[in-house]
Amino acid sequence: MQYKMLIDGHWVEARGGGSRAVIDPATESVITSVPFGDGRDAYAAIDAAARAQPAWAQMTAYERGALLLRAAYLIRERIETLAPIMTRECGKPLNEARGEWNAAADLFEWFAEEGKRAYGRVIPARRSHKRLLVLKEAVGVVATITAWNFPAYLPARKWSAALAAGCTVVGKPSEITPMSAMALVNLLVEAGIPAGVMNLVNGKAEDIGQAFLQSPLVNKISFTGSQRVGQILMRGAADGIKKLALELGGSAPVLIFDDVDVESAAEQAVAAKFRNNGQVCISPARFYAQRGIFEEFLEATRARIAALKLGSGLEAGVTTGPLVTAEGRERVESFVADAQTKGANVVIGGSRPQALGRGFFYQPTLLTNVNPTMRISCDEVFGPVMPVSPFETLADGLRQANATPFGLAGYAMTNNVKTAVRVYEGLKFGIVGVNDLVPATAEGPFGGIKESGFGSEGAAEGLLEYLNTKFVSMGM
Ligand code: NAD
């Protein structure tokens, strides 16, 4: 495995000689050191991608698809090597890491097929001497910037679709978790990706971001990360009228109606909330239980949280790893302190675990008496804190659920079909899960509305993100 940058088919160090340590958040020790470059590396990678793009686009979708399928096969074959790399750099338990790699393989497999369906149209013309055609053509060079919380799945969601469409790629992983992305690129090289088609740069985010924004050779930037950086990119994209896709944060509500099986609802809620320690953009973040089951749901949830096992994700039986960085943990602590100051009760958790001296651990935490003035109610905590509040009626639940600027994912649990319909119609989010708190899948479109961004990943919509529409009008 090469833990380096890939530029024009070569594994390289940073041009400026820089390197950066990758830290294991469970032990706070250095795993390895990787090249850490800047704008110069980005420009070299962009040039390589631009040179390689015409030939890649001219290959048939079947040829590109065969290569992507090989990549999917290699991911599945190497899963026991790949999973610990991910667990060590981002802390998620091995089972979750295996699941993420499998989901990345699903994406390559799915887009290997979907690339063959980049259909155009023939439009019946209003004049007999005209012929009207719609063609779908690859956007060109795509730059991707991704977050650390799904260090293989997030790049895979962009790369699989872009490559299938005939685009070439310059990827920039999070500097916190570059190893999984590097491992994924290793497999693409092994699968036979031509030089320059897939490039990877790691380094100073601002510099590389500016190179992506300023180079006229970059036709689109696809970003997954925070609102803050999304806004920087959106402002910067204005000069070159650069195409953008922004997959930003969320604060997903869950409405639990009083017709559900409370034990089962609590089990699903705790599993989804504490997946990757709450560091998931579509993670259920605000829980609203209908008044009639509120106390029962709270107790069922408390009991399940008490049974979670905190520790290194490499250890058998561990359900919950550390937060990814010291700053991530401080953010969680500040949210809990803010809530407590404003009157919230900590039912369980609420501090660092005594038993784990090293590592960025924080106890899975349950809060009640939460109100809308608290940061936990209106901002993204990105950590293991579960606030539970009551709601009265469907209308009251929807009002509370929709009351943030975010629009990524919203959820409901109910056995009543009319409630289910009203709720999926009433939730103002790009993704709605009804009795499903884990809705992301390769064949479904994933993306937010409102301040959670724009653009879709996965599904037929995900391929369209990397295709331009060309209208041809031919006189006869
Ligand atoms: P972040 O915005 O800090 O970083 C994301 C990426 O942007 C990293 O690669 C980082 O190096 C890069 N970056 C930082 N500053 C930059 C700049 N000035 N120019 C260009 N690039 C820059 O986010 P994070 O902390 O890595 O991830 C957490 C956030 O990502 C959360 O808000 C989460 O909700 C969001 N997220 C969204 C989705 C989604 O699909 N909607 C998925 C996962 C995570």
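Within any chain, residue numbers begin from 1 and follow the written order of that chain's sequence. Owing to the predicted nature of the model, reporting of local features is limited to residues with pLDDT of at least 70; listing and counting of side-chain atom pairs is limited to 80 or more, with chain, interface and lining totals taken over all residues. As a rule here, side-chain values cover all heavy atoms of the structure and leave hydrogens and water aside.

**Examining the overall build of the chain**
Our working rule: Comment: elements are numbered from the N terminus, with helices defined as DSSP H or I runs of at least four residues and strands as E runs of at least two. Just to be clear, the radius of gyration here is over C-alpha atoms, and the globule rule we use is 2.2 Å times residues to the power 0.38. It only takes one pair of heavy atoms within 4.5 Å for two residues to be counted as in contact. Residue-level accessible areas treat just the shown protein chains as cover; the underlying method is Shrake-Rupley with a 1.4 Å probe. Under this rule, positive means Lys or Arg and negative means Asp or Glu; His and the chain ends count for nothing. The atoms used to mark charge sites are NZ of Lys, CZ of Arg, CG of Asp and CD of Glu.
Assigned secondary structure in the chain consists of 15 helices and 22 strands. In summary, the chain has a C-alpha radius of gyration of 23 Å against a globular reference of 23 Å for 476 residues, a match within 12%. Judged by the C-alpha coordinates and their principal axes, the chain covers about 70 × 60 × 40 Å. Sequence-distant contacts, at least 24 apart, represent 74% of the contacts inside the chain between residues at least 6 apart. A total of about 19,000 Å² of accessible surface is found on the chain, and carbon and sulfur atoms cover 52% of it. The positive charge centre, built from 48 side chains, and the negative charge centre, built from 48, are 7 Å apart in the chain.

**Re unusual backbone geometry**
Although it is not a glycine, Phe-382 adopts a positive phi angle of roughly 50 degrees. With respect to the helices and strands, Phe-382 occurs in the loop between α12 (375-378) and β16 (385-391). Notably, Asn-435 is not glycine yet its phi reads approximately 55 degrees, a positive angle. Turning to its location among the elements, Asn-435 is positioned in the loop between β19 (431-434) and β20 (449-450).

**With respect to empty space enclosed by the protein**
Here is the rule: For each structure, a 1 Å grid was placed over the protein atoms alone; sets of points admitting a 1.4 Å probe that cannot get out are labelled cavities, open sets with protein on both sides within 12 Å along at least five of seven lines are labelled pockets, and lining residues have an atom within 4 Å of a point. Grid points are joined across faces, edges and corners, and a volume is the space filled by probe spheres set on the points. Amino acids are sorted into nonpolar (Ala, Val, Leu, Ile, Met, Phe, Trp, Tyr, Cys and Pro), charged (Asp, Glu, Lys and Arg) and polar (every other residue, Gly among them).
Taken as a whole and judged by the stated rule, the model has two cavities of 30 Å³ or more. Roughly 70 Å³ of internal volume is contained in the largest cavity. Along the wall of the largest cavity there are 14 residues; nearest its centre are Gly-250, Ala-285, Glu-380, Val-381 and Phe-382. Counted by class, the lining of the largest cavity contains seven nonpolar, four polar and three charged residues.

**Things to note about the domain arrangement of the chain**
Heads up, the condition is: These domain boundaries are the output of an automatic or database domain assignment. Computed with a 1.4 Å rolling probe, the buried area is the accessible surface lost when two parts are put together, summed over both parts. Any Lys or Arg side-chain nitrogen found within 4 Å of a carboxyl oxygen on Asp or Glu counts as a salt bridge. Polar contact is defined as a pair of N or O atoms within 3.5 Å, subject to the rule that within protein one atom must be able to donate a hydrogen and the other to accept it, and that residues adjacent in sequence are counted only when both atoms are side-chain atoms.
What the domain assignment reports for the chain is domain 1 (5-248 + 452-475) and domain 2 (252-441). If you look at the interface, domain 1 gives 22 residues, while domain 2 gives 27 residues. With both sides pooled, the region where domain 1 packs onto domain 2 buries about 2,100 Å², and carbon together with sulfur makes up 59% of that total. Contact with domain 2 buries area across many residues of domain 1, yet Glu-28, Trp-148 and Ser-452 alone supply 24% of it, more than any other trio. Inspection of the region where domain 1 meets domain 2 yields zero salt bridges. For the pair domain 1 and domain 2, the number of links is nine residue pairs in polar contact (both at pLDDT 80 or more). In terms of residues, the side of domain 1 that touches domain 2 owes the most to one element, helix α3 (residues 79-90), which gives five residues.

**Side note on the pairing of strand β13 (residues 284-290)**
Rules: The rule is simple: take the accessible area with a 1.4 Å probe, protein chains only, and divide by the maximum for that residue type; under 20% is buried, over 50% is exposed, in between is partly exposed. One requirement defines pairing of two strands: DSSP has to find at least two bridges between them. With strands facing away from the observer, any crossover in which the path from the first strand over the helix to the second runs clockwise is taken as right-handed.
With seven of seven residues buried, β13 lies mostly within the body of the structure. Where strand β12 (residues 252-256) and β13 come together, five bridges link them in parallel fashion. Paired with Leu-255 across the two strands is Tyr-288, which belongs to β13. Each parallel crossover has a hand, and for β12 linked through helix α9 (residues 262-273) to β13 it is right-handed. Bridge count for β13 against β16 is four bridges, and the pairing is parallel.

**Topic: the packing of aromatic side chains**
The criterion, for reference: The criterion for an aromatic pair is that two Phe, Tyr or Trp rings (for Trp, the six-membered ring) have centres within 6.5 Å, with stacked assigned to planes under 30 degrees apart, edge-to-face to planes over 60 apart and tilted to the rest.
Applying the stated criterion across every chain, the model contains four aromatic pairs. For the ring pair Trp-148 and Phe-382, a centre distance of 5.6 Å and an interplane angle of 85 degrees mean the geometry is edge-to-face. A residue pair is termed long-range when its members are at least 10 positions apart, and Trp-148 in the loop between β7 (141-145) and α5 (153-165) and Phe-382 in the loop between α12 and β16 qualify at 234 residues. Considered together, Trp-148 and Phe-382 belong to a single accessibility category, that of buried residues. Taken together, a centroid distance of 5.2 Å and an interplanar angle of 80 degrees make the contact between Phe-257 and Phe-391 edge-to-face. Of this pair, Phe-257 sits in the loop between β12 and α9 while Phe-391 sits in strand β16, and the two are 134 residues apart along the sequence. As far as burial versus exposure is concerned, Phe-257 and Phe-391 are alike and both buried.

**A short note on the pattern of salt bridges**
By the definition in use, this model includes 26 salt bridges. Residues Glu-77 and Arg-78 are paired through a salt bridge, measuring 3.1 Å at the closest nitrogen-oxygen approach. Taken together, the shared-partner salt bridges in this structure form one network comprising Arg-76, Asp-106 and Glu-109.

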